[in-house]
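A look at the structure
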Amino acid sequence: MSPSGAEFIRQIKSQISQVDPSEVHAALAQSNGNGSIAIVDVRESEEVARGVIPGATHVPRGYLESRIEGAVPDRSQHVVLYCASGNRSALAAKTLEQLGYENVESMTGGFTLWKDRGYDVHVPRTLTPEQRERYSRHMLVPEIGAEGQQKLLDAKVLLLGAGGLGSPAALYLAAAGIGTIGIVDDDVVDLSNLQRQVIHTTDRIGVPKVDSAEQAMKELNPDVDVVKYQTRLDASNIMEIIEGYDLIVDGVDNFPTRYLLNDASVRLRIPVVSASILGFDGQLSVFAPYDGPCYRCLYPVPPPAELAPSCGANGVLGVLPGTMGLLQATEVIKLVTGSGEPLIGRLLLYEALGATFTELKVRRDPECAICSRPPEEISEEEMGVFPDYEAFCAAAG
Amino acid sequence: MATVRIPPVLRPSVGGAKEVDAAGDNVGDVLRALADEHPATQSQLFSDGGDLNRYVNVYLNDEDVRVLDGLETPVGGADVLVILPAMAGG
């Protein structure tokens, strides 16, 4: 005769290791977050929303087999599973043993007993059902998950330029759920932009680019709070505009603003995801002040007019800013969620005609005019004072 | 012969090529050979005093020659020199 459900669970419990919440509590205090013990919550999302053991990873039991390797890749890792009362976690422990996990325990009494004992409970911020659906494909990626998605929703990212690079970056960052996207551009949509600036549309020709970009982003994802700056970034407004953003996406089309941005972002310690394009060539790097080189470490002085074609009218393959802008968006998401290896101290060159990528090392310059000094050594009087880059650009034509 | 990668802004000065071969035992020799062959690159690469212009980055394979031995950095036949100017297009 087949056992009842309750009998089956009893049998399973006799075959696995169980641990009292007091021992888990003590082990967690001892490990002090060093990762020696992995706490896995196997309950459903609605239960997790009401509170979890601090530091626990959520892997619903229904997805245990497919997701546990992302959450706990090392099968020799000490794993403690819990659910509400200790039944589902016992079944899950049996499953993990069958998957080859060597040191698995199920916490008796589950989260209910943990809470009754008065131990710490973390109540996670939760996504709405609509957000869980919208970002479901992010949730399934272990490197992002619910925690990473929350970071994206909390992030404030400033896009400089709603042009070739800014268009794809803005669309994908809005789609990814970046909570606040600032966008700086003083231009209006022109017919000649539409070969590459895909955030704009033919019926919005003549509309300010910040308004056109806002409309497209809001239509794609109403979660996003769009902050518009219909102005040209200059020494008088840069500190005010960029302060408070977590990251800046540099897609501007001229050297003066790139140097100005570098100096201001180093002073405010805001990382810049920088890309530039010309013809069939693109460059990409992440300038994270004091963690890596800054733009001036790479390019201490701007090139003279004849080697600075960006100040004049130049052609570009329409899809090239798409490629480079999306690489920028990718770096933003990595930086916000803390996943992967960001392109800090590395310069990526893309040459579309040859379909080649080249990676070069970028070192911090110990004599860098800007980032060799700590920002706090720069006096208030110096803040916001920059060389006359406008004269340079005028000379470059 | 080392391979020298030519950036877009210098390609008109070398007849449109993306890469050229140039002979030399060190970075300076290779670049001077390039400038001899394509005189239009001379003033773009070198200052009047013969130093590399500060706004031109040169990489030996993936490393900036300034953190190596600059123009004196030895170059082998299989090496690639990348000439890299800043670009500002967006």
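As a starting point, this report considers the structure included with it.

When helices and strands are tallied, chain B shows two helices and five strands. Counting from the amino terminus, helix and strand elements in chain B follow one another as β-β-α-α-β-β-β. Taking 90 residues into account, the globule formula puts the C-alpha radius of gyration at 12 Å, and chain B, at 12 Å, falls close to it. If you line up chain B on its principal axes, its C-alpha atoms span 35 × 25 × 25 Å. Evaluated residue by residue, chain B yields a buried proportion of 37% over its 90 residues. For chain B, contacts bridging at least 24 residues in sequence account for 50% of all contacts bridging at least 6.

Further remarks concern the overall build of chain A. Secondary structure summary: chain A contains 16 helices and 13 strands in total. Principal-axis analysis of the C-alpha atoms places the extent of chain A at approximately 90 × 50 × 40 Å. Put simply, chain A has 397 residues, and 42% of those count as buried. Counted over contacts in chain A with a minimum sequence separation of 6, partners at least 24 positions apart contribute 69%.

For the rest of this paragraph, the subject is the interface of chain B and chain A. Taken together, the contact pairs 18 residues of chain B with 33 residues of chain A. Elements that contribute at least two residues to the side of chain B that touches chain A include exactly β4 (63–64) and β5 (80–85) of chain B. Its residues assigned to classes, the side of chain B that touches chain A comprises 10 nonpolar, three polar and five charged.

What follows is about unusual backbone geometry. Residue and element names in this part refer to chain A. Of note, the phi angle at Y290 is positive, near 75°, even though the residue is not glycine. Within the secondary structure, Y290 is located in the loop between β11 (281–287) and α14 (295–298). Under the C-beta neighbour-count criterion, Y290 is labelled exposed, with 12 such atoms within 10 Å. Backbone geometry at A355 places phi at a positive 50°, although glycine is not the residue there.

Turning our attention to the sheet that holds strand β9 (residues 247–250) of chain A. Residue and element names in this part refer to chain A. Pairing in this open sheet of eight strands is mixed, and the strands run β8-β7-β6-β9-β10-β11-β12-β13 from one edge to the other. The open sheet has two free edges, formed respectively by β8 (225–229) and β13 (356–361), since each of these has just one partner strand. Ignoring which end each strand starts from, the neighbouring axes of this sheet average 15° apart. Bridge analysis of β9 against strand β10 (residues 272–278) gives three bridges, and the strand direction is parallel. Bridge pairing in β10 places V249 opposite V273. Along the sheet face, helix α13 (residues 255–267) touches β6 (156–160), β9, β10 and β11 and points at about 170° away from the line of β9. Relative to the sheet, helix α15 (residues 320–337) contacts β6, β9, β10, β11 and β12 (346–351), its axis offset from that of β10 by approximately 170°.

With that settled, consider the pairing of strand β7 (residues 180–184) of chain A. All names here are of chain A. Of all five residues that make up β7, four are buried, and the element is covered over most of its length. Bridge count for β6 against β7 is five bridges, and the pairing is parallel. For L159, the partnering residue across the bridge sits in β7 and is I183. Handedness of the β6-helix α10 (residues 166–176)-β7 crossover: right-handed. Note that β7 and β8 share five bridges and pair parallel. Residue pairing for β8: I183 is matched across the bridge by K228.

With that settled, the discussion passes to the packing of helix α9 (residues 145–154) of chain A against α15 of chain A. Residue and element names in this part refer to chain A. The contact between α9 and α15 brings their axes to 9 Å, and the two run at 110°. Considering their axes alone, α9 and α15 lie roughly perpendicular with respect to each other. Considering how the two elements wind past one another, α9 and α15 form a crossing that is right-handed. When α9 is examined against α15, the residues G148, K151 and L152 are found in contact with a partner set consisting of I333, V336 and T337.

Parameters and conventions
Residues numbered from 1 in each chain as written. Chains lettered and ligands numbered in written order. Predicted model: local features only at pLDDT ≥ 70, side-chain atom pairs only at ≥ 80, totals over all residues. Helix = DSSP H or I, 4+ residues; strand = E, 2+ residues; numbered from the N terminus. Rg over C-alpha atoms; globule rule 2.2 N^0.38 Å. Buried ≥ 20, exposed ≤ 12 C-beta atoms within 10 Å, placed from the backbone. Contact = placed C-beta atoms within 7 Å. Nonpolar A, V, L, I, M, F, W, Y, C, P; charged D, E, K, R; others polar. Pairing = 2+ DSSP bridges. Axes fitted to C-alpha atoms, helices over the stretch in contact; angles between N-to-C directions. Right-handed = clockwise from strand over helix to strand, strands pointing away. Parallel < 35°, antiparallel > 145°, perpendicular 65-115°, else oblique. Left-handed = near helix turned anticlockwise from the far one by under 90°.

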